[in-house]
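Overview (structure and organization)
Each chain, letter by letter, is given below.
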Amino acid sequence: MDPNPKTFPILSYIMGRIPTFGPRPDDPPVDIEQPLPAEAHSDPSSSSSSGAGQYELVEQMPRLTDPKLIEAMTRAVTDVAQTRSVLKTIGDRPDHEAVDGAKAKLADIEANLAKQLEDLVLSPRPDVVDRLQWRSQLADKENECRKESEKEKQLYKAIIQLDEMHEAYDKLLKDAEERLEKIYEMAEAGGSVEEAEPSEEDQVTDEVNEEVVGILQEASGTGLERVDLSGRQLKFLPEAFGHIRSLVVLDISSNQFEFIPDSIAGLENLEELNASSNLLVSLPDSIGLLQRLKILNVSGNKLSALPDTIAHCRSLVELDASYNNLTYLPTNIGYELVNLERLSIQLNKIRSLPTSVCEMRSLSCLDAHFNEIRGLPQAIGKLTNLEVLNLSSNFSDLTELPETFGDLTNLKELDLSNNQIHALPDTFGRLDSLTKLNLEQNPLVIPPSEVVNDGVEAIKVFMAKRWLDILVEEERKSMLEVQEQAQAGWLTRSTSWLKTYASGVTEYIASPRTPKDPYLDQQL
């Protein structure tokens, strides 16, 4: 776990001088300013062989004896030392066979879970159980299966995560060695030791890393509920953070995180997570296990998609995924996030909203401006609690709104600016609660510009009258159709009677004459 002196000579030398990671107590003291005994050069198995490497390095890089330069270099590798400390606590790197075995086990568990869920879906509903109750029972059974599956996965995930952490540590060692070489070259070129020292940002990073380790140490055995690591230029969040089960609020915003470890699933009491303004390219699937999470902010990252498991965070009230590279939302996101009140997805590349969004009956604010949305789901009118809707700046993509738009009876603020909408839906006049409306930069024909210029109330009145006229016209057409059907019925009945009468006459005329009565003929 310590850096190899042959591969990372400068880093090994510097870390050897840090008290926490210095020589073992049974090693003899080494004074680099004194000549190395001859036997140390000849006997590679000697306990002083590591010292030999140090003497050779100092001979090649004489400025390494400068205390100020050593101090600057020590500060530059504090992150390596602290990461090594965390890994020492967690354990050695698992071998390749163990990692492959863990991956195979995870695949088996996933396959078994898929089979269980399939059997659940195909299981017949008992006659004594109604449909809603049956669905509820299936949902409970599904949750139980998923929880059991996650318990089985934990050990194997831990093996894979430990391997990934050691892999990241190896990269960290390479970066640190390069950093030390640059610091030495700067000092060698005649620059001052102060110029060779890390920048203020690096110093802040070192201090923060010490704070992270301190938090982990403090959290063990305590009931720590809030952690704020925002704006500290952090690049690595230790897996051990997942062990702080008492944590309720975690703020890691404005750092340089590229990923969040899977161990975050261990924060079973977490209610608020702010990971905004980082370099995240994805979120872990394990985020779906945060059953108590109410506020999630992942805005200002590099996310191209949200994991499907985010729908399992059923307690979510606010979700902010704005300023990312999202092209779609998970298909089933609305079926389970029934408590969501605010959804912010502005400044992405989303082309359409999934139909399931219409099931977010608690949603009061939806911000989807600056996307590529081409239309809204037909069932959008189900969002009867929606109060604020921003669909502006979808530019050439958004051209119309569905007729069910008028069912958003609680809508108060609506922004449709910078789109290609030619006509508002005929039901628009039913938006009685609407007080703020922006229709700028649209080629509107209905309502005409003079009505739009008169403000939201004039628009509502115009569209309401238009809707009423449409209803009256439809009623008139309906009555005409009824009258036409009635007349057609009378004619049909008359024609039928005439046909029957004519048929009778025809039959009488066409029937053979009755035989002559001889008596009548005689009388005549």
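See the structure above.
Criteria and cut-off values
Residues numbered from 1 in each chain as written. Predicted model: local features only at pLDDT ≥ 70, side-chain atom pairs only at ≥ 80, totals over all residues. Heavy atoms only, no water. Helix = DSSP H or I, 4+ residues; strand = E, 2+ residues; numbered from the N terminus. Contact = heavy atoms within 4.5 Å. Areas by Shrake-Rupley, 256 points an atom, 1.4 Å probe, with all protein chains shown as cover. Buried < 20%, exposed > 50% of the residue type's maximum accessible area, 1.4 Å probe, protein only. Pairing = 2+ DSSP bridges. Axes fitted to C-alpha atoms, helices over the stretch in contact; angles between N-to-C directions. Salt bridge = Lys/Arg side-chain N within 4 Å of Asp/Glu carboxyl O. Patch = residues over 30% accessible without salt bridge, like charges linked within 9 Å, V, L, I, M, F, W, Y side chains within 5 Å. Lys, Arg positive; Asp, Glu negative; His and termini not counted. Charge placed at Lys NZ, Arg CZ, Asp CG, Glu CD. 1 Å grid on protein atoms, 1.4 Å probe; cavity = no way out; pocket = protein on both sides within 12 Å on 5 of 7 lines; lining within 4 Å. Points joined across faces, edges and corners; volume = space filled by probe spheres on them. Nonpolar A, V, L, I, M, F, W, Y, C, P; charged D, E, K, R; others polar. Domains from an automatic or database assignment. Parallel < 35°, antiparallel > 145°, perpendicular 65-115°, else oblique.

A look at the overall build of the protein chain
Helix and strand content of the protein chain: 13 helices and ten strands. Counting contacts in the protein chain only where the partners sit at least 6 residues apart, residues at least 24 apart contribute 45% of the total. Carbon and sulfur atoms make up 51% of the accessible area of the protein chain, which totals about 29700 Å².

Considerations on the environment of Gly-266
As for its position among the elements, Gly-266 is in the loop between strand E2 (249-251) and strand E3 (272-274). Relative accessible area serves as the criterion here: at 13%, Gly-266 is assigned to the buried category. Sequence separation of Gly-266 and Ser-286 is 20 residues, and the distance between their C-alpha atoms is 9.1 Å.

As for the sheet that holds strand E1 (residues 226-228)
Two modes of strand pairing occur in sheets, parallel and antiparallel, and in both the strands are linked by backbone hydrogen bonds. Within the open sheet, the ten strands sit side by side as E1-E2-E3-E4-E5-E6-E7-E8-E9-E10. Their pairing is parallel. At either margin of the open sheet sits one strand with a lone partner, and together these are E1 and strand E10 (436-438). Averaged over all pairs of adjacent strands, the angle between their axes in this sheet comes to 5 degrees, without regard to strand direction. Relative to strand E8 (residues 388-390), strand E7 (residues 365-367) runs parallel, the two being bridged by three bridges. Within the sheet, the bridge partner assigned to Cys-365 lies in E8 and is Val-388.

A look at the pattern of salt bridges
Within this structure, the stated rule accounts for 13 salt bridges. The shortest N-O distance in the salt bridge between Lys-157 and Glu-150 comes to 3.5 Å. Taking relative accessible area as the criterion, Lys-157 reaches 22% and is therefore assigned partly exposed. For Glu-150, a relative accessible area of 18% corresponds to the buried category. Among the ionic pairs, Arg-361 bridges to Glu-359, the shortest N-O distance being 3.2 Å. Judged by relative accessible area, Arg-361 falls into the partly exposed class, the value being 39%. Look at the salt bridges and you will find they share partners, linking Glu-110, Glu-150, Lys-153 and Lys-157 into a network.

Considerations on a negative patch on the surface
The grouping of Asp-140, Glu-144, Glu-148 and Glu-152 at the surface amounts to a negative patch. Residue placement: Glu-152 occurs in helix H7 (residues 131-188). Glu-152 sits in the partly exposed class, given a relative accessible area of 44%.

Thoughts on empty space enclosed by the protein
Tallied over the full model, the rule gives one cavity of 30 Å³ or more. By volume, the largest cavity is sized at about 40 Å³. For the largest cavity, the full set of lining residues is Leu-237, Phe-241, Gly-242, Leu-250, Ile-260, Pro-261, Ser-263, Ile-264 and Leu-267.

A few points about the environment of Glu-181
You can see Glu-181 is positioned in helix H7. On the basis of relative accessibility, which here comes to 35%, the residue Glu-181 falls in the partly exposed class. Expressed as a C-alpha distance, the spacing of Glu-181 and Leu-11, which sit 170 residues apart in the sequence, is 9.2 Å.

Quick look at the layout of surface pockets
There is about 1300 Å³ of room inside the largest pocket. Lining the largest pocket are 40 residues, with Glu-150, Gln-154, Ala-265, Ser-286 and Leu-289 positioned closest to its centre. Elements that contribute at least two residues to the lining of the largest pocket include exactly helix H6 (96-122) and H7. In terms of residue count, H7 provides more of the lining of the largest pocket than any other element does, 17 residues in total. Partitioning the lining of the largest pocket into residue classes produces ten nonpolar, 13 polar and 17 charged. A domain split of the lining of the largest pocket shows at least three residues from each of domain 1 (1-17 + 56-197) and domain 2 (200-374 + 383-401 + 408-419 + 431-441).

Digging into the packing of helix H1 (residues 9-16) against helix H4 (residues 67-76)
Where H1 meets H4, the axes come as close as 10 Å, and the angle between the chain directions of the two elements is 100 degrees. When the axes of H1 and H4 are compared, the pair comes out roughly perpendicular. Of H4, the residues touching H1 (which contributes Ile-10, Tyr-13 and Ile-14) are Ile-70, Met-73 and Thr-74. Looking at the contact of H1 with H4 residue by residue, the class counts come to five nonpolar, one polar and no charged.

Description of the side chain of His-369
With respect to the helices and strands, His-369 occurs in the loop between E7 and E8. On the accessibility criterion, His-369 (16% relative accessible area) is buried. Apart from the residues lying within four places of it in its own chain, the contact partners of His-369 are Gln-346, Leu-347, Asn-390, Leu-391, Ser-392 and Asn-394.

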